[in-house]
Amino acid sequence: MLIGELAEHTGASIRSLRHYENNGLLTAGRGSNGYREFPDSAVQTVARIRALLAAGLSVTTIRQVLPCTVDATPRVIPCAELSATLRGELSRVEEQITRLDHARQLIAKMLAG
DNA sequence: GTTCTAACA
DNA sequence: TGTTAGAA
């Protein structure tokens, strides 16, 4: 299907889909007119990509994790080094939570005080 | 009308 | 990521 159709079926913008393809997250052929041609399976792939994006993963990390997914759920197949990568992402998110908690306390004190 | 690439008041 | 320009 063409990029416009894939965009409609997934809710992702055409801009985003081109970005995913440029970064190897999606595979697309080219028609004689130069238009990208996506397989129907791309709809499912985009759903998985968006799920990983929602977890705050970078395109680079997603490129590694995507092939280990089974669907758009948090369920993944134990691929090599996947566990280490995810642990890294987890600690990154926990650090952000720590920073935000400090900011929260400071702001709360300002209001209290 | 739809997509492509490249670039940013 | 959006948007836009110019071309196919």
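Above this text is the structure in question.
Residues numbered from 1 in each chain as written. Chains lettered and ligands numbered in written order. Predicted model: local features only at pLDDT ≥ 70, side-chain atom pairs only at ≥ 80, totals over all residues. Heavy atoms only, no water.

### What about the protein's contact with DNA strand B?
- Around DNA strand B lies a shell formed by L2, I3, G4, I14, R15, R18, R30, G34, Y35 and R36.
- Looking at DNA strand B alone, sugar and phosphate atoms form 78% of those within 4 Å of the protein.
- R36 has a polar side-chain atom sitting 2.4 Å from a phosphate oxygen of DNA strand B.
- No other element matches helix α2 (residues 14–22), which puts 3 residues into the surface near DNA strand B. (Near = heavy atom within 4 Å. Polar contact = N/O pair within 3.5 Å; in protein donor to acceptor, adjacent residues only side chain to side chain. Helix = DSSP H or I, 4+ residues; strand = E, 2+ residues; numbered from the N terminus.)

### Details of the state of the cysteines
- Per the stated rule, a full pass over the model turns up 1 disulfide.
- Each disulfide pairs two cysteine sulfurs, and for C68 the partner residue is C79, the sulfurs being separated by 2.1 Å. Here C68 and C79 share a disulfide; its torsion about the S-S bond, -135 degrees, makes the bridge left-handed. Here C68, found in the loop between α4 (59–65) and α5 (82–112), pairs with C79, found in the loop between α4 and α5; they are 11 residues apart in sequence, far enough to count as distant.
- Residue class for C79 comes out partly exposed when judged on its relative accessible area of 27%. (Disulfide = S-S within 2.5 Å. Buried < 20%, exposed > 50% of the residue type's maximum accessible area, 1.4 Å probe, protein only.)

The analysis is restricted to geometry; functional conclusions fall outside its scope.
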